Amino acid sequence: MESLALTFSSGWASGINAYLVVLVLGVVQRTTGAEEIPDVLGTWPVLAAAGAMFAIEFVADKVPYVDSTWDSISTVIRPTIGAVIGVLLAGEADSLNAAVGGVVGGTSAFMSHLVKASERLAVNSSPEPVSNSVVSLAEDGLVLGVVWFATEHPLAAAGIAAVLLAAGLVLVYFIVRTVRGGWRRLTRRGRRGAPPPEGPSDGTTKPYPVQ
C-alpha cells in the first residue's frame, strides 16, 4: 500500500513537473539510501539529465504562451515518466504489481497534466505576465513538498495529492463552463450585429421572410 501510495503521489506530481519528481526522488535515494526508491534514480547520469531538463522547464514554464507550448510537448512525456516511476517503484514485484504501478502512475500523471495545461490556458488570458511566474513557482513548491513528504509519509502524501487532483479537476470544470458560456455570448452577439442580406443585383427589391 505504501508503494502504491508513493506511486500515486509521484504520478500526480509528474503531471505537473516530471523532471523535478525524478530529481527529488533521486536526491533522496542518493542521500538517504531509501529502500523504497530504486537505485537507478539516484545515479549521477539520471540526476544530471533530470537537473538539466528541470532547469529548462523552470524557465519555459514561467513565460506566457511558451508554457502552454511546453505543456503540449509534455502531453506524452509527463504521463510516460509517471508510468515508468510507478513500474520502478514496484521493484522486484511480479509483473501484475508492476503493471498496476505503471497504470496508477501514468493515469494520475495524465490527469494532473490536463489540469495544469487547462489552468495555464486560463492564466495566459490575463494581460499581465506576473501571474504565470507566480503560478509556476507555486506548482514547483507543491511538487517539491508533496514528493519529499511522500518519501517519509506516503499514505498521507497520497491523500494530499488526491485532494489537490480533485480540486484541480473541479476548477477545470468551471473554467470550461466559463469559456463555453463566453463563447456562446459572443456568438449570439455576432449574429445580432450582422448586417441584413443584400437584395438582388438587378436592383429589384425582395421582401424579407417573416420570422
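Scroll up a little and you will see the structure.
Just so it is clear, the model here is predicted, and its values are computed rather than measured.

**Q** Go over helix α5 (residues 130-150) with me, naming the residues and quoting the values.
**A** Taking 1.5 Å per residue as the helical rise, α5 with its 21 residues ought to reach 30 Å, and the 30 Å between its terminal C-alpha atoms agrees with that figure. Among the residues of α5, those classed as buried are Ser131, Asn132, Ser136, Glu139, Asp140, Val143, Val146, Val147 and Ala150. Seen along its axis, α5 keeps its buried residues to an arc of 165 degrees; they face one direction. Facing away from the buried side of α5, by more than 90 degrees, are the exposed residues Val130 and Val134.

**Q** I'd like a rundown of helix α2 (residues 44-60), residues and numbers included.
**A** Given a rise of 1.5 Å per residue, 17 residues ought to cover 24 Å, and the 24 Å separating the end C-alpha atoms of α2 matches this to within 8%. Within the sequence span of α2, burial applies to Leu47, Ala50, Phe54, Glu57 and Ala60. Along α2, the residues classed as buried sweep out an arc of 155 degrees about the axis, all on the same side. Every exposed residue of α2 that faces more than 90 degrees away from the buried side is listed here: Trp44, Pro45, Ala48 and Val59.

**Q** Give me the pattern of salt bridges: which residues, what numbers.
**A** Two side chains carrying opposite charge are able to pair once their charged atoms lie near each other. Evaluation of the coordinates by the stated rule reveals nine salt bridges. We note a salt bridge from lysine 116 to glutamate 139, for which the minimum N-O separation is 3.6 Å. Of the two residues, lysine 116 sits in helix α4 (residues 95-124) while glutamate 139 sits in helix α5, which places them 23 residues apart along the sequence. Note on glutamate 139: relative accessible area 8%, which makes it buried. Each of Glu57, Asp61, Asp67, Asp71, Arg78, Lys116, Arg120 and Glu139 takes part in a single network of salt bridges with overlapping partners.

**Q** Summarise the layout of surface pockets; cite the residues concerned and give the values.
**A** Over the atoms rolls a probe the size of a water molecule, and in doing so it shows where empty space is left. Estimated volume of the largest pocket: approximately 280 Å³. Taken together, 17 residues line the largest pocket, and the ones lying closest to its centre are Ile16, Val115, Glu119, Glu139 and Leu142. Contributing elements (two or more residues each) for the lining of the largest pocket: α1 (2-32), α4, α5 and α6 (154-192). If you tally residues by element for the lining of the largest pocket, the top one is α6, at six residues. Its residues assigned to classes, the lining of the largest pocket shows twelve nonpolar, two polar and three charged.

**Q** Account for the packing of α1 against α4, with residues named and values stated.
**A** The contact between α1 and α4 brings their axes to 6 Å, and the two run at 35 degrees. Taken as a pair, α1 and α4 cross one another with a handedness that is right-handed. Contact residues: α1 offers Leu4, Thr7, Phe8, Gly11, Trp12, Ser14, Gly15 and Ile16, while α4 offers Val100, Gly101, Val104, Gly105, Ser108, Ala109, Ser112, His113 and Lys116. Here the contact of α1 with α4 is composed, by residue class, of seven nonpolar, nine polar and one charged.

**Q** Outline the packing of helix α3 (residues 66-89) against α4, supporting the account with residue identities and numerical values.
**A** Running from N to C, α3 and α4 cross one another at 160 degrees; their axes reach a closest spacing of 6 Å. With respect to α4, the element α3 is oriented roughly antiparallel. Remark: the crossing between α3 and α4 carries right-handed chirality. Of the residues in the contact of α3 with α4, the class split is eight nonpolar, eleven polar and five charged.

Parameters and conventions
Residues numbered from 1 in each chain as written. Predicted model: local features only at pLDDT ≥ 70, side-chain atom pairs only at ≥ 80, totals over all residues. Heavy atoms only, no water. Helix = DSSP H or I, 4+ residues; strand = E, 2+ residues; numbered from the N terminus. Expected span 1.5 Å × (residues − 1). Buried < 20%, exposed > 50% of the residue type's maximum accessible area, 1.4 Å probe, protein only. Arc of directions from axis to C-beta. Salt bridge = Lys/Arg side-chain N within 4 Å of Asp/Glu carboxyl O. 1 Å grid on protein atoms, 1.4 Å probe; cavity = no way out; pocket = protein on both sides within 12 Å on 5 of 7 lines; lining within 4 Å. Points joined across faces, edges and corners; volume = space filled by probe spheres on them. Nonpolar A, V, L, I, M, F, W, Y, C, P; charged D, E, K, R; others polar. Axes fitted to C-alpha atoms, helices over the stretch in contact; angles between N-to-C directions. Left-handed = near helix turned anticlockwise from the far one by under 90°. Contact = heavy atoms within 4.5 Å. Parallel < 35°, antiparallel > 145°, perpendicular 65-115°, else oblique.

By themselves these figures say nothing about function.
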